[in-house]
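Secondary and tertiary structure notes
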Amino acid sequence: MDAQYRPEIIEPEAQQHWDEKQIFRATEDSTKPKYYCLSMFPYPSGKLHMGHVRNYTIGDVLARYHRMKGYNVLQPMGWDAFGLPAENAALANNVAPAGWTYANIDYMRGQLKRLGLAVDWQREVATCKPDYYRWEQWLFTELFKKGVIYQKTAAVNWDAVDHTVLANEQVIDGRGWRSGALVEKRDIPMYFFRISAYAEELLAELDNLPGWPERVKTMQRNWIGKSFGVEIHFPLNARHQHGEPVLKVFTTRADTLFGVTYVAVAAEHPLATQAATDNPALAAFIAECKQGSVAEADMATMEKKGMDTGLKVYHPFTNEPVPVFVANYVLMGYGEGAVMAVPAHDERDFAFAQKYGLPIKPVIKPVEVKGENLDDATLHPSPFTLPYLEPGILFDSGDFSGRTSIDAIDKIALVLSNLKLGEKRTTWRLRDWGISRQRYWGCPIPIIHCPTCGDVPVPSDQLPVVLPEDVKIDIGSPIKKMPSFYETTCPICSGRAERETDTMDTFVESSWYYARYACPDNTTAMLDGRANHWLPVDQYIGGIEHAILHLLYARFFHKLMRDVGLVNSNEPFANLLTQGMVIADTYYRDLGEGKKQWINPADVEQRDGVWVLKADGQPVIVGGTEKMSKSKNNGVDPQSLIDQYGADTARLFMMFAAPPEQSLEWSDAGVEGANRFLRRLWKMVYEHVEGGVVVAYSGGELSAPTQDFRRQLHQTIAKVTDDIERRKLFNTAIAAIMELMNAMAKLEAADARAVKQEALEDIVLMLAPIVPHICRSLIKALKPGACLMGSPWPVVDETALVRDEIELMLQVNGKLRGKITVAVDAGKEAIEQTALASPDVQKFMDGKPAKKVVVVPGRLVNVVV
């Protein structure tokens, strides 16, 4: 055994051995319990970042641990390879997106292998490869035939200069990110997944996911957004007859109906179009509304603007005229494209009414509850401020005055229903998933447009529709300009037809990849029986930022695959761990005019208490501690860290610095500390084996110090096992091992050598999932001929935990004064006598008699004087 720890030698050697022997290749083995461990696959952006390192190390620790526990483990890896960044890189570097993507995959695969991940690389998939997206296209055609996928027009962000649709994140201050042109809202035909048909199941099944964080389930519940309310019809004329046109709105607060002072419609609403016919100012405002992002987040924060159409609708109860406004915050795609406005009881409506001088009419008062329900409610004696947003007691509401909000909503819905001017309704925030993208680097939508037969799905024997890879990127998608791609014949009538040139949302690829890992070599079907062997994923790991869209779409896709007979389970991921961010300090120089030059932490140092740039010695400004990112230039290159310290140091730091679900603050000192620990472990094993390898302790008499240490050893095994398996607290598991090593360093009993051998073997095995390279070398040194990959997880020896004696705290009048040791089976009387005879107690009793002695079994004795 080398006296020095040399990760640059032992790590490549271990990785080469694992590769050559295909140690981590998974096969279906029904004789063992299966454990499918999956970390969210990366986008091949070019280089790994520390978030990747943390994510994949967490997964690898769990995979290796379960392997040692006797599970048949699958841990695959692949690439979420389609997407807009490749097109942006192609524009910037004058390369084809495919070439850029494949080069990045090759480089990042090498980086992942240097981390020593226990990955079955033979199952690797890349979503941009035709052998992957072919099956996505096949499923699309099957769902299209069933009506689960359909086409309709929808509002998108349109860049009139680049003649392309922009993603929401490409709209900056209402302008296209590249052209700078004002963005328009434009309706274009798009394909949609009917996810709304699964809303009830998606919501209900969250209750069957105990292994998911409550935070994530709450976010999904809110996104699905089941609401119970009332659809209210506002007649378009004062002498309304049943069957005549009405303006429909949905509200969860029908109790505020008598406080309505205006209604607002979307710019695309038929009433807005009608009113703008002979109103140039309104027409111009409508055109302005159609410019800007359709992103929900942008809609929430933008300035609320409106214009009176001059039209009126009529209150369903009072028949009073209500003005109709066009407002930029109302989207045509949500509900009926219209909302009723109650300024006294809604913040947005209140601000809008104040801005445009509209009436504000309160109709709800706060209540003070006396008793257990609102039947006992009385008017709150104190005045209230507007807008008042909570439920309460109705007033100035006709026959409904004096009722509570809850009671009034039911009564109002009933009366509206009798008048045929409304009804109770359940609505969902969840909208059908529009998956058409007017971009190039994505999976082609397998539809042929025939002037005679309409939209025709591509027959399965003509799949895949292959995306041309040898292209030049400029403005718009190149396949829209390639007759060789879009010119084709109709599969039904053989007439001239055109292929769809839109591609699918890249969330589609990431919604089923976990299932394809089970059978990536199947060339005749999307999935086979192996999928049911491995699914659901036992442990899924990824960032909280994916809590809604990716995880919701993956759950939806799993149900789609179930309903076409591909899988027999309801949910894709049994357990979910959302790891925290990796954060680091930021440094910058102020360039003026609001501009900052962000400086990488590696390029600064502290001199005489001042942070300066190493290159010029001039001061820099210390910013906040933020998520590692390119924009703040505060990332640390994993490659340089591995080159300097080795992969095991990186892995150990990531697992020790913070619990996995919390943010991890980067620390150079922490990295150096992790490396020191590994060198200390190496030295401890080296010095032990230099004295000659012995057989680990297997029984016999031990001195008290050695027996106490062996008890601590098996207590540590129990704690580390629980921390990793149940609580996923790798940091506390490592801390317990460090405490054990400290205790071992102090153990000098003559009979301790065999127990030290046992302890070192178990320490190495407990650390093996976290730092596998060094542990492979150390176990071979401790047990010549042993193989780390064949070694089981240490087992607690229950007999070692048995104590002959226990230590109890001694108190006098509640204050700690000492300790006593008694037999583990000592009775209360014997414990009292031992306590009263203790010099520590005698000293503080000061010759006074004891009033009583309180014995708390296993913990303490309190002598009351």
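To be clear, the structure that these remarks concern was listed above.
This text gives an overview of the structure that appears in the document.

Taken as a whole and judged by the stated rule, the model has 39 aromatic pairs. An angle of 80° between the planes, with centres 6.5 Å apart, marks the rings of Tyr513 and Tyr514 as edge-to-face. Judged on exposure class, the residue Tyr513 and its partner Tyr514 are both buried. Three or more aromatic residues joined by ring pairs make a cluster, and in this case those are Phe193, Tyr198, Trp433, Phe507, Tyr553, Phe556 and Phe557. Over the ring of Phe192 we find Lys152, and its NZ or CZ is 4.8 Å from the ring centre. Here Arg817 stacks its cationic end above the ring of Phe844, 3.9 Å away from the centre of that ring.

In this structure, Phe193, Tyr514 and Met561 are the most contacted members of the largest nonpolar core, which totals 182 residues. Not counting residues within four places of it along the chain, the set of residues in contact with Tyr514 comprises Tyr36, Leu38, Leu535, Val537, Ala554, His558, Met561, Pro572 and Phe573. If you look at the next biggest cluster of nonpolar residues, it comprises 38 residues, including Phe234, Val249, Ala272 and Ala413.

Time to look at the side chain of Asn600. Mapped onto the elements of the fold, Asn600 is located in the loop between strand S31 (595-599) and strand S32 (604-607). Owing to a relative accessible area of 14%, Asn600 belongs among the buried residues under this scheme. At a separation of 2.9 Å, a polar atom in the side chain of Asn600 contacts the main-chain amide nitrogen of Ala602. Residues in contact with Asn600, not counting those within four places in the same chain, are Asn633, Asn634 and Gly635.

A complete count under the given rule lists 47 salt bridges for this structure. In this structure, Glu571 engages Lys559 in a salt bridge whose closest nitrogen and oxygen atoms are separated by 2.9 Å. Of this pair, Glu571 sits in the loop between helix H16 (549-563) and strand S29 (576-579) while Lys559 sits in helix H16, placing them twelve residues apart in sequence. You can call Glu571 buried: its relative accessible area is 8%. Two residues, Arg727 and Asp723, come together in a salt bridge whose shortest N-O distance is 2.6 Å. A residue pair is termed a helical-turn pair when its members lie 3 or 4 positions apart in one helix, as Arg727 and Asp723 do in helix H20 (residues 704-727) at four residues. For Asp723, a relative accessible area of 0% gives the class buried.

This part is about the environment of Gly635. Note on placement: Gly635 falls in the loop between strand S34 (621-627) and helix H17 (638-645). What makes Gly635 partly exposed here is its relative accessible area of 28%. Taking C-alpha positions, Gly635 is 52 Å from Arg817, a pair spaced 182 residues apart along the chain. Not counting the four nearest positions on each side in its chain, Gly635 is found in contact with Asn600, Met628 and Ser629.

Among the residues of helix H11 (residues 347-356), Asp349, Phe350, Phe352 and Ala353 are the ones counted as buried. Buried residues of H11 fall within an arc of 165° about the axis and therefore sit on the same side. Away from the buried face of H11 by more than 90 degrees, exposed residues Glu347 and Gln354 are located. For H11, the elements touching its buried residues are strand S12 (262-265), strand S13 (306-314), strand S14 (321-327) and strand S15 (338-341). At the N-terminal end of H11, a side-chain oxygen is found 3.0 Å from the backbone nitrogen of Arg348, two or three residues along, and the residue is Asp346. After H11 finishes, the residue Gly357 shows a positive phi value of roughly 65°.

Let's shift gears to the pairing of S32. Two elements, S32 and strand S33 (residues 610-613), share four bridges in a ladder whose sense is antiparallel. Within S33, the position partnered with Val604 by the bridge is Leu613. Turn length for the S32-S33 hairpin, with the two strands adjacent in sequence and antiparallel, is two residues, and the turn residue Asp608 shows positive phi of about 55°.

What follows covers the sheet that holds strand S39 (residues 860-864). Taken together, the four strands give an open sheet; going across it, the order is S37-S36-S39-S38, and neighbouring strands pair in mixed fashion. Two strands in the sheet have a free side with no partner beyond their single neighbour: strand S37 (815-823) and strand S38 (852-856). Neighbouring strand axes in the sheet, compared pairwise and without regard to direction, differ in orientation by 25° on average. Across four bridges, the pairing between strand S36 (residues 805-812) and S39 is parallel. Within the sheet, the bridge partner assigned to Val812 lies in S39 and is Val863. Against the sheet, helix H24 (residues 828-837) contacts S36, S37, S38 and S39, and its axis sits at roughly 115° relative to S38.

Here we come to the sheet that holds strand S6 (residues 164-166). On the basis of which strands lie adjacent, the open sheet formed by four strands has the order S6-S5-S9-S21 and antiparallel pairing. Each having just a single partner strand, S6 and strand S21 (433-434) make up the two edges of the open sheet. Looking at chain direction, strand S5 (residues 149-159) and S6 are connected through three bridges and run antiparallel. Counted as the bridge partner of Asn157 is Leu166 from S6.

Look at helix H19 (residues 668-690): 33 Å from first C-alpha to last across 23 residues, which is about the 33 Å you get at 1.5 Å a residue. Val671, Ala674, Asn675, Phe677, Leu678, Leu681, Trp682, Met684, Val685, His688 and Val689 are the residues of H19 that are buried. Once H19 finishes, Gly692 follows within two positions and takes phi at roughly 100°, a positive value.

Relative to the helices and strands, Met845 resides in helix H25 (residues 839-845). Classification of Met845 by relative accessible area gives buried; the value is 8%.

With that settled, consider the packing of H19 against helix H21 (residues 730-746). Close contact between H19 and H21 brings their axes to 12 Å; oriented N to C, the two are set at 40°. Relative to H21, H19 is oriented oblique. The two elements H19 and H21 meet at a crossing, and its hand is left-handed. Counted together, Phe677, Arg680, Leu681 and Met684 of H19 and Met738, Met741, Asn742, Met744 and Ala745 of H21 form the full contact between these two elements. Of the residues belonging to the contact of H19 with H21, the class tally is seven nonpolar, one polar and one charged.

Let us now look at the side chain of Arg516. One can find Arg516 in helix H14 (residues 513-516). Among the polar contacts made by the side chain of Arg516, one reaches the main-chain carbonyl oxygen of Met526 at a distance of 2.8 Å. Setting aside anything within four residues of it in sequence, one finds Arg516 in contact with Val125, Asp131, Tyr132, Trp135, Asn522, Ala525, Met526 and Leu527.

The next point concerns the packing of H20 against helix H22 (residues 753-767). Relative orientation of the contacting elements H20 and H22 amounts to 15°, with a least axis distance of 11 Å. Of the possible angle classes, the one that applies to H20 and H22 is roughly parallel. The element H20 and its partner H22 pack so that their crossing is left-handed. In contact with Thr706, Phe709, Arg710, Leu713, His714, Thr716, Ile717 and Val720 of H20, H22 contributes Val755, Glu758, Ala759, Asp762 and Met766.

Cut-offs applied
- Residues numbered from 1 in each chain as written.
- Predicted model: local features only at pLDDT ≥ 70, side-chain atom pairs only at ≥ 80, totals over all residues.
- Heavy atoms only, no water.
- Phe/Tyr/Trp six-rings, centres within 6.5 Å; stacked < 30°, edge-to-face > 60°.
- Buried < 20%, exposed > 50% of the residue type's maximum accessible area, 1.4 Å probe, protein only.
- Lys NZ or Arg CZ within 6 Å of the ring centre and 35° of its normal.
- Core = buried A, V, L, I, M, F, W, Y, C linked by side-chain atoms within 4.5 Å.
- Contact = heavy atoms within 4.5 Å.
- Helix = DSSP H or I, 4+ residues; strand = E, 2+ residues; numbered from the N terminus.
- Polar contact = N/O pair within 3.5 Å; in protein donor to acceptor, adjacent residues only side chain to side chain.
- Salt bridge = Lys/Arg side-chain N within 4 Å of Asp/Glu carboxyl O.
- Arc of directions from axis to C-beta.
- Pairing = 2+ DSSP bridges.
- Axes fitted to C-alpha atoms, helices over the stretch in contact; angles between N-to-C directions.
- Expected span 1.5 Å × (residues − 1).
- Parallel < 35°, antiparallel > 145°, perpendicular 65-115°, else oblique.
- Left-handed = near helix turned anticlockwise from the far one by under 90°.
- Nonpolar A, V, L, I, M, F, W, Y, C, P; charged D, E, K, R; others polar.

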